[in-house]
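Chain residues, written in single-letter form:
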2 protein chains.
Amino acid sequence: MSGKGLVSRSEDFSKWYNELVAKADLAEHSDVRGCMIIKPYGFAIWENMKKELDRMFKETGHQNAYFPLFIPKSYLSKEANHVEGFAKECAVVTHYRLKNADDGSGVVVDPDAKLDEELIVRPTSETIIWNTYKKWIQSYRDLPILINQWANVVRWEMRTRLFLRTSEFLWQEGHTAHQTKDEAVVETEKMLNVYASFAEEFMAMPVLKGVKTENERFAGAEETYCIEALMQDGKALQAGTSHFLGQNFAKAFDVTFADKTGKKNHVWATSWGVSTRLMGALIMSHSDDKGLVLPPKLAPIQVAIVPIYKGQEQLSQISKLADKLVDQLRAEGVAVKYDDDDAKKPGWKFAEYELKGVPLRIAIGPKDLEKGTVELARRDTLTKQFVKQEDVIDTVQTLLNQIQEALFNKAISFNKANSYEASSVEEMNEILNKNGGFVYAFWDGTKETELKIKDLTKATIRCVPEGEIEKGNCILTGSANAIKVVFARAY
Amino acid sequence: MSGKGLVSRSEDFSKWYNELVAKADLAEHSDVRGCMIIKPYGFAIWENMKKELDRMFKETGHQNAYFPLFIPKSYLSKEANHVEGFAKECAVVTHYRLKNADDGSGVVVDPDAKLDEELIVRPTSETIIWNTYKKWIQSYRDLPILINQWANVVRWEMRTRLFLRTSEFLWQEGHTAHQTKDEAVVETEKMLNVYASFAEEFMAMPVLKGVKTENERFAGAEETYCIEALMQDGKALQAGTSHFLGQNFAKAFDVTFADKTGKKNHVWATSWGVSTRLMGALIMSHSDDKGLVLPPKLAPIQVAIVPIYKGQEQLSQISKLADKLVDQLRAEGVAVKYDDDDAKKPGWKFAEYELKGVPLRIAIGPKDLEKGTVELARRDTLTKQFVKQEDVIDTVQTLLNQIQEALFNKAISFNKANSYEASSVEEMNEILNKNGGFVYAFWDGTKETELKIKDLTKATIRCVPEGEIEKGNCILTGSANAIKVVFARAY
């Protein structure tokens with residue numbers, strides 16, 4: 001046991017994660033199967049993520065809009081692969097009214113209020129959106145359409161884990177329409193790069209960019225690009241996907257445009273999304289046995305100030321300094337909290353802010369007032385230093401930048417140390433059993449081999465990494481000219 | 001016909017509204033009954049509303065969180081009034097899977113995937129939230145809880161109008177928990193005041209504050225406070241509500257706390273919400289026969305710059321000035337768009353920005369370059385002036401403030417001019433038939449009278465206005481000691 005009673009990562013990583021999500025007040029299970037409650041502290045982190053992503057989407061020319069929660073059942077069937085992928089796990093609305101039970105026991109579904117056509121709670125919105133784009137697109141002048149929506153979606157899940165796999169989750173889904181294949185591919189890659197930049201610059205989480213195999217592709221896509229991150233337990237996590245949809249949805253919904261010569265063509269499409277799953281990725285990338293470790297750029301509280309005092313007289317002297325620091329830090333855009341709650345001891349507060357991953361903690365005691373100093377503690381390294389009061393603002397800003405960078409560098413080192421090459425299935429299994437990690441290996445390109453390796457190792461092909469051109473012999477079949485891909489056991 | 005082919009307000013207000021919502025690209029009906037699509041321009045206005053409201057909620061100590069979309073059917077029944085109010089119009093999820101139809105015709109509901117207990121798509125979240133608060137609240141130390149969520153909700157509607165009444169809509173719902181009745185009442189009133197401030201300061205829309213009659217109260221509330229606005233057609237619109245819930249939900253879900261003496265008490269509650277309905281209120285408050293008129297504080301584009309030119313040489317000279325103005329305006333936080341689209345004529349652009357309600361338009365032609373001026377046009381008054389180029393930034397800021405104020409003052413005058421007193425039902429009917437408006441009249445306080453007056457006049461009691469103490473004889477029954485309330489025909 002460590003921190004506020006968390007099991008350690010080495011002892012039981014999965015339990016550590018569950019305990020941390022609960023104890024740091026991030027989220028909890030609701031009584032509704034698979035649906036989570038995102039608590040205020042967890043939601044504040046998600047809001048910071050949203051804010052930066054939204055800015056990045058807008059800077060790349062996208063606008064937000066909102067489409068219906070419900071999708072008529074028949075729409076799902078219009079794209080053959082899509083329905084196969086999504087019909088299996090969806091919430092179906094069949095009625096639109098309840099009535100009082102005859103026996104007075106409560107309310108029951110009113111059989112007279114049955115819908116002619118059932119409605120599906122959106123698992124993703126390609127179908128309802130392309131049904132709409134059909135009305136919006138006539139000419140090349142209507143293109144491109146570059147739209148994003150922030151929404152809740154539902155994919156029925158029997159086994160759920162907070163943030164990682166829930167029946168309802170929050171996400172954004174971009175849906176774009178283009179005149180040419182090239183333009184759509186450029187868009188798909190652009191948004192993958194936006195995701196990668198966000199992951200690296202804000203989450204301090206290095207990612208591998210690549211494309212999925214056909215087997216792992218989004219249902220209805222021609223190509224699925226992804227970013228893959230490596231968690232501290234050596235398992236991979238798909239952190240975002242960007243799909244080149246070709247003309248599949250345009251054909252399914254008959255969406256054409258007249259080009260400059262008047263010729264009608266089907267429109268080219270992309271879609272791309274990240275979800276509250278990123279919360280899980282963030283937690284498992286940096287946190288330690290004492291609790292969360294948050295990158296400063298996403299931390300709801302970047303600096304917590306804790307007074308150490310005996311009696312109201314000391315507190316009021318400390319508060320004078322603290323209030324001044326709070327004002328100065330806020331003026332510099334730093335999210336700071338002064339915690340002068342008299343009902344809680346400093347030691348309790350220290351543990352609490354450690355648990356919550358607050359990047360910097362300032363403690364101020366009577367000796368600091370005498371000496372003109374404060375004590376500054378870093379959450380990531382758990383190191384402390386005394387800083388002159390007049391230097392606090394500069395030091396805080398420097399340290400916040402340093403922590404952001406240090407977390408990223410540490411994660412990069414971890415990724416490097418846990419990336420392997422394997423030349424046989426046995427070798428891969430050995431690596432995965434011992435360390436987990438990303439395992440680079442040659443694969444002959446067939447679904448059969450892919451599934452067989454998965455059977456033997458529990459590892460999936462995370463992606464065909466960007467820029468990888470080396471070829472060799474398949475680790476299962478030995479076929480020559482196999483391509484190099486990245487395997488991992490994954491969330 | 002006027003503007004871009006809008007019917008005029010005087011000719012057909014309802015049609016004018018529908019055409020405006022469509023032509024200004026705000027929203028449209030989807031193929032899913034009652035569910036709307038909020039288009040990018042409409043959504044950008046809603047985003048601006050959200051941003052300001054969210055800031056105001058946080059400044060008054062609230063935090064955001066997220067609760068499940070689905071509510072188990074039995075939860076709805078736990079509060080007797082609540083279920084009466086919401087069971088009649090809800091979307092019911094009964095199954096969690098589709099399967100391929102035997103005849104290959106598509107997908108059908110899988111009868112094996114029937115839920116043990118049906119799930120209701122939330123029409124409002126009191127029940128699921130109080131079921132959660134039960135776990136969060138043990139002691140007075142856990143109180144108050146001050147939480148808000150931004151979410152989609154569904155109330156099945158047969159007759160829908162974009163923004164005003166849709167089956168799915170977007171809103172925020174605050175749900176707070178308190179130790180005492182007084183504290184909860186203070187919170188209820190505080191949030192009503194937040195709504196009123198938002199309506200007046202940002203939407204430039206004066207509102208009447210008051211409480212609803214028992215008949216018009218939220219299902220499950222002890223008291224419903226509301227803000228009521230008057231639209232240009234003389235109809236009232238309920239723009240926001242704040243409910244004092246007493247201990248109703250605490251009792252229904254058995255939520256108690258131990259006070260300082262260790263005694264257990266039921267918790268006191270409030271809930272409060274505004275929705276995308278505010279979009280309808282905004283549109284109908286200020287817009288005219290040429291299109292939208294937006295208050296500068298909520299306009300996605302505050303200033304549009306249109307070049308008037310012949311040939312690329314002139315355009316590039318104008319663009320040099322325009323680019324400079326854009327940079328300067330952006331630096332001052334003004335949302336500005338330079339529209340140098342060569343495929344569209346200036347006249348078309350002028351009409352477009354009028355239709356979209358852009359508060360200020362700057363036109364720059366070759367003569368302006370000679371004279372060192374630009375032409376500045378106000379959307380609200382449709383007046384134009386020439387401004388020296390070096391004065392543009394200051395003038396724009398001054399004018400944006402003036403427009404915001406002018407819209408509010410105009411709406412106040414309209415409200416005053418359309419507020420009446422009636423001393424009989426006949427008089428009220430006459431006023432309403434002729435002008436619409438808010439009609440102040442005495443009412444004896446009974447539901448019977450309220451419904452009878454509604455029958456006779458199609459007017460409902462919008463509220464018992466704040467601070468109103470005058471008493472008199474009921475306009476229907478003549479009973480003495482009747483209270484003064486506000487009647488109106490309403491959206």
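Quick notes on the rules
Residues numbered from 1 in each chain as written. Chains lettered and ligands numbered in written order. Predicted model: local features only at pLDDT ≥ 70, side-chain atom pairs only at ≥ 80, totals over all residues. Helix = DSSP H or I, 4+ residues; strand = E, 2+ residues; numbered from the N terminus. Contact = placed C-beta atoms within 7 Å. Expected span 1.5 Å × (residues − 1). Buried ≥ 20, exposed ≤ 12 C-beta atoms within 10 Å, placed from the backbone. Nonpolar A, V, L, I, M, F, W, Y, C, P; charged D, E, K, R; others polar. Pairing = 2+ DSSP bridges. Domains from an automatic or database assignment. Axes fitted to C-alpha atoms, helices over the stretch in contact; angles between N-to-C directions. Least-squares fit on C-alpha atoms with pLDDT ≥ 70 in both. Arc of directions from axis to C-beta. Core = buried A, V, L, I, M, F, W, Y, C linked by C-beta atoms within 7 Å. Parallel < 35°, antiparallel > 145°, perpendicular 65-115°, else oblique. Left-handed = near helix turned anticlockwise from the far one by under 90°. pLDDT = per-residue confidence, 0-100.

### Let's talk about the overall build of chain A
Move 1: The helix and strand tally for chain A stands at 14 helices and 26 strands.
Move 2: Projected onto its principal axes, the C-alpha coordinates of chain A cover approximately 80 × 65 × 55 Å.
Move 3: Counting contacts in chain A only where the partners sit at least 6 residues apart, residues at least 24 apart contribute 67% of the total.

### Digging into the environment of isoleucine 137 of chain A
Residues and elements named next belong to chain A.
Move 1: Structurally, isoleucine 137 is set in the loop between α5 (126-136) and β9 (145-154).
Move 2: Residues isoleucine 137 and valine 425, 288 residues apart in the sequence, show an inter-C-alpha distance of 50 Å.
Move 3: Apart from the residues lying within four places of it in its own chain, the contact partners of isoleucine 137 are Asp142, Leu143, Ala177, Val255, Phe257 and Val267.

### Focus: helix α2 (residues 40-59) of chain A
Residues and elements named next belong to chain A.
Move 1: For α2, which comprises 20 residues, the first-to-last C-alpha distance of 28 Å matches the rise-based estimate of 28 Å (1.5 Å per residue) to within 8%.
Move 2: Taken residue by residue, α2 has Gly42, Phe43, Ala44, Ile45, Trp46, Met49, Leu53 and Phe57 as its buried positions.
Move 3: Following α2 by one or two positions, glycine 61 has its phi on the positive side, about 90°.

### Some details on the environment of phenylalanine 257 of chain A
Residues and elements named next belong to chain A.
Move 1: With respect to the helices and strands, phenylalanine 257 occurs in strand β14 (residues 256-258).
Move 2: Judged by C-beta crowding, with 21 C-beta atoms within 10 Å, phenylalanine 257 ranks as buried.
Move 3: Taking the C-alpha atoms as reference, phenylalanine 257 lies 48 Å from histidine 286; in sequence the two are 29 residues apart.

### With respect to the interface of chain B and chain A
Move 1: Each partner contributes to the interface: chain B provides 52 residues, whereas chain A provides 52 residues.
Move 2: Looking at the side of chain B that touches chain A, its residues break down into 32 nonpolar, eleven polar and nine charged.
Move 3: In this structure, strand β5 (residues 92-95) of chain A lies alongside strand β5 (residues 92-95) of chain B, joined through three bridges in antiparallel fashion. Of the residues in β5 of chain B, the one forming a bridge with valine 92 of chain A is histidine 95 of chain B.

### Examining the domain arrangement of chain A
Move 1: Structurally, chain A comprises domain 1 (13-71 + 125-286), domain 2 (301-398) and domain 3 (419-488).
Move 2: Computed over C-alpha atoms only, the centres of domain 2 of chain A and domain 3 of chain A are separated by 50 Å.

### Concerning the sheet that holds strand β8 (residues 114-121) of chain A
Move 1: Read from one edge to the other, the open sheet built from six strands follows the order β4(A)-β8(A)-β5(A)-β5(B)-β8(B)-β4(B), with strand pairing classed as antiparallel. What marks the edges here is a single partner per strand, and that holds for β4 (70-72) of chain A together with β4 (70-72) of chain B. The average undirected angle you get between the axes of adjacent strands in this sheet is 45°.
Move 2: Taken together, the three bridges between β5 of chain B and strand β8 (residues 114-121) of chain B define a ladder with antiparallel strand orientation. Directly across from valine 92 of chain B, in β8 of chain B, lies its bridge partner isoleucine 120 of chain B.

### Quick word on the sheet that holds strand β20 (residues 373-378) of chain B
All names here are of chain B.
Move 1: Spatially, five strands are ordered β18-β17-β19-β20-β21 in an open sheet, and the strand pairing comes out mixed. If you trace the sheet from one side to the other, it starts and ends with β18 (336-338) and β21 (384-388), each paired once. Neighbour to neighbour, the strand axes of the sheet diverge by 25° on average, direction disregarded.
Move 2: Strands in contact with helix α9 (residues 311-331) are β17 (303-307), β18 and β19 (360-364); relative to β17, the strand with the most contacts, it is inclined by about 170°.
Move 3: In the packing of helix α10 (residues 346-355) onto the sheet, contacts are made with β17 and β19, and the angle to β17 comes to roughly 170°.

### Structural notes on the relation of the copies chain B and chain A
Move 1: Superposition record for chain B on chain A: RMSD 0.0 Å, screw rotation 180°, translation along axis 0.0 Å. Both chain copies can therefore be described as sitting about a two-fold axis. Using C-alpha coordinates, one finds that chain B approaches the rotation axis most closely at valine 93 of chain B, a distance of 2.1 Å.
Move 2: Comparing interface residues between copies, 100% of those in chain B also lie at the interface in chain A; the contact surface is shared.

### Some details on the pairing of strand β17 (residues 303-307) of chain A
All names here are of chain A.
Move 1: Of all five residues in β17, five are buried, a share of seventy percent or more.
Move 2: Every second residue of β17 is oriented toward a common face, with Val303, Ile305 and Pro307 on one face and Ala304 and Val306 on the other, all of them buried.
Move 3: By the bridge criterion, three bridges tie β17 to strand β18 (residues 336-338) in an arrangement that is parallel. Bridge pairing in β18 links alanine 304 to lysine 337.

### Side note on helix α1 (residues 13-23) of chain A
All names here are of chain A.
Move 1: Taken residue by residue, α1 has Trp16, Tyr17, Leu20 and Val21 as its buried positions. The buried side chains of α1 occupy one side of the element, clustering within an arc of 125° when seen end-on.
Move 2: Each element contacted by the buried residues of α1 is listed here: β1 (27-29) and α8 (277-286).
Move 3: At the exit of α1 stands aspartate 25, carrying a positive phi of roughly 60°.

### A look at unusual backbone geometry
Residues and elements named next belong to chain A.
Move 1: In this model, leucine 143 is joined to proline 144 through a cis peptide bond whose omega is -5°.
Move 2: Position of proline 144 among the secondary structure elements: in the loop between α5 and β9.
Move 3: The phi dihedral of alanine 204 falls on the positive side, at around 55°, and the residue is not glycine.
Move 4: Along the polypeptide, alanine 204 turns up in the loop between α6 (181-201) and β11 (208-211).

### Observations regarding the nonpolar core
Move 1: Counting 317 residues, the largest nonpolar core has Val439 of chain A together with Val439 of chain B as the members making the most contacts within it.
Move 2: Setting aside residues no more than four positions away along its own chain, valine 439 of chain B makes contact with Tyr420, Ala422, Met428, Ile431, Leu432, Ala459, Val486, Phe487 and Ala488 of chain B.

### Side note on the pairing of strand β9 (residues 145-154) of chain B
All names here are of chain B.
Move 1: For β9, the tally of buried residues reaches seven of ten residues, placing the bulk of the element in the interior.
Move 2: Of the strand pairs in this sheet, strand β3 (residues 63-64) and β9 are connected by two bridges, and their pairing is parallel. Looking across to β9, one finds that glutamine 63 is bridged to isoleucine 147.
Move 3: Pairing analysis gives ten bridges linking β9 to strand β10 (residues 168-178), with the strands arranged antiparallel. Bridge pairing in β10 links leucine 146 to threonine 176.

### Details of the packing of helix α13 (residues 425-434) of chain A against helix α14 (residues 447-457) of chain A
Packed helices, taken two at a time, are described by their axes: the angle between them and the distance between them.
Residues and elements named next belong to chain A.
Move 1: Where α13 contacts α14, the two axes come as close as 10 Å, and the packing angle between them is 45°. Considering their axes alone, α13 and α14 lie oblique with respect to each other. In this structure, the crossing between α13 and α14 has a hand that is right-handed. For the pair α13 and α14, the contacting residues are Val425, Met428, Asn429 and Leu432 in the first and Ile453, Leu456 and Thr457 in the second.
Move 2: When its residues are assigned to classes, the contact of α13 with α14 shows five nonpolar, two polar and no charged.

### Some points on the confidence of the model for chain A
Low pLDDT means the predicted atomic positions in that stretch should not be read closely.
Move 1: Confidence along chain A averages 96 in pLDDT terms, with 99% of residues attaining 70 or more.
Move 2: For this predicted complex, the interface score ipTM comes out at 0.97, while the overall pTM is 0.97.

### Quick look at the environment of aspartate 391 of chain B
Move 1: Along the chain, aspartate 391 of chain B falls in the loop between β21 and α12 (392-417).
Move 2: Along the sequence, aspartate 391 of chain B and phenylalanine 257 of chain B sit 134 residues apart, while their C-alpha atoms lie 62 Å from each other.

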